[in-house]
Amino acid sequence: MHELRTIARGRLFLESPRWREGALWVADWGAHEALKIGPEGAVEVVASTNSFPMCLEHLPDGRLVIVDSAARRLARVEPDGMLVTHADLSGLSERRTIGNDIVVDGRGNIYVNDVNFDFPGGEPRPGWVALITPDGEARRVAEDLMFPNGMVVTPDNRTLIVAESYRSQLTAFEIAADGSLGERRIWAELDGPPDGICLDDNGCIWAAFVPNRSCMRIREGGEVTHMVETPRGAFACILGGAERRTLYIVGQDWRGPDAIAELGATGEVWAIEAPAAAAGWP
């Protein structure tokens, strides 16, 4: 692999990277902004919402959707930049915020997960994954996930893999024809808590690790084939670029959400060439 290079810096709290239309899309949770980063590093603010977290993803037709956790909804960005409600998530939980990460599969099914407790400071308890169907119906389809984080769907739309940070593992679910989740298994046990993840066409998962300051490429079963060290905590990753073989990693210094202002704008985007191209979703 090549040398890690810095693509962007000076952001508050970067998460949820996605690749679409020749550009990197990233959520700045600290600034409450959805960003589009061009090939030369130019940053464009495409939407704003007063939420933390505020993960983003694209629908199959290219429209951007954002988990607007404070409003307990999935919001869609219209051509004029306005946010409209794509799906009401309030029925999924009584918590005042909803949502941690999101993935949209190849059939238009949307999966959103939630840690199900106040972070930080709250007593940890099992989280869940919800399905939002193309017609807007939202229902919980998996339970008992300890701090569910990044998610991927395999190219055949038959498997959803979730990073469980508090169990230090990747957990896989079979996806039924109606989008619901069935049999689960441990995809890999890991040495540390995984955060954001992405999948390559060799069937390996790249997982970002905040405390380890690294991003690791992992085979099913747990073998680590590659490790990229990062200058700050790595929060999430995505394979992008012209051939989808560039690994983009987002991260920053981290001492909890209450310390974001104190730490300042430490958010950065790094890139490095990867051994295999992207596969599946996101």
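Small disclaimer: the values here were computed from a predicted structure and weren't measured.

Points about the sheet that holds strand E8 (residues 73–77)
And then number 1: Ordered in space as E6-E7-E8-E9, the four strands form an open sheet in which the pairing is antiparallel. In the strand order of this sheet, the two ends are held by strand E6 (56–58) and strand E9 (83–88), each with one partner. Pairwise comparison of adjacent strand axes, ignoring direction, gives a mean angle of 30° for this sheet.
And then number 2: Looking at chain direction, strand E7 (residues 64–68) and E8 are connected through four bridges and run antiparallel. When the sheet's bridge partners are listed, Val-65 is paired in E8 with Arg-76.

Some details on the environment of Pro-193
And then number 1: By the secondary structure assignment, Pro-193 is in the loop between strand E17 (181–189) and strand E18 (197–199).
And then number 2: Counting along the chain gives 66 residues from Pro-193 to Gly-127, while the straight-line C-alpha distance between them is 15 Å.
And then number 3: Leaving out residues up to four positions away in the same chain, Pro-193 has contacts with Ser-165, Ser-168, Ala-208, Phe-209 and Pro-211.

Description of the pairing of strand E13 (residues 138–145)
And then number 1: Sheet topology places strand E12 (residues 127–132) next to E13; five bridges connect them, and they run antiparallel. Note on E13: the bridge partner recorded for Gly-127 is Leu-145.
And then number 2: Between E12 and E13, which pair antiparallel in sequence order, lie five residues; one of them, Gly-136, sits at a positive phi of approximately 95°.

Structural notes on the nonpolar core
Burial of nonpolar side chains together is a common tendency in soluble globular proteins.
And then number 1: Grouped together as the largest cluster of nonpolar side chains are 34 residues, with contacts concentrated most on Ala-34, Leu-64, Ile-66, Leu-74, Ile-102 and Ile-110.
And then number 2: Secondary-structure elements contributing two or more residues to this core are strand E3 (23–28), strand E5 (43–48), E7, E8, E9, strand E10 (101–104), strand E11 (110–114) and E12.
And then number 3: Among the elements that line this core, the one with the most residues is E7, at four residues.
And then number 4: Beyond its immediate chain neighbours, meaning those up to four positions away, Ala-34 contacts Val-26, Glu-44, Val-45, Val-46, Ala-47, Met-54, Leu-56, Leu-64 and Ile-66.
And then number 5: With 26 residues, the next largest nonpolar core counts Ile-37, Leu-247, Ile-249 and Ala-271 among its residues.

Notes on the sheet that holds strand E2 (residues 14–20)
And then number 1: As summarised here, the arrangement of the four strands in space is E2-E3-E4-E5, forming an open sheet in which the pairing is antiparallel. The outermost strands of the open sheet, each flanked by one partner alone, are E2 and E5. The mean inter-strand angle of the sheet, taken between neighbouring strand axes irrespective of direction, is 25°.
And then number 2: In terms of strand pairing, E2 meets E3 through five bridges, oriented antiparallel. Paired with Arg-18 across the two strands is Trp-25, which belongs to E3.

What counts, and at which threshold
Counting restarts for each chain, with residues numbered from 1 along the sequence as it is written. Per-residue local features of the predicted model are confined to residues with pLDDT of at least 70, and side-chain atom pairs are confined, for both listing and counting, to 80 or more; whole-chain, interface and lining totals are unaffected and use all residues. Values reported for side chains reflect all heavy atoms of the structure, with hydrogen atoms and water molecules removed beforehand. Think of it this way: DSSP has to see at least two bridges between two strands before they count as a pair. Note on conventions: DSSP H or I runs of at least 4 residues are helices, E runs of at least 2 residues are strands, and numbering of each starts at the N terminus. Here an angle of 0 to 180 degrees is reported between the N-to-C directions of two axes, which are lines fitted to C-alpha atoms, with helices fitted over the stretch in contact. We call two residues in contact when some of their heavy atoms are within 4.5 Å. Note on terminology: a nonpolar core comprises buried Ala, Val, Leu, Ile, Met, Phe, Trp, Tyr and Cys residues joined through side-chain atoms within 4.5 Å. When accessible area is computed with a 1.4 Å probe and restricted to protein chains, residues below 20% of their type maximum are described as buried, those above 50% as exposed, and intermediate ones as partly exposed.

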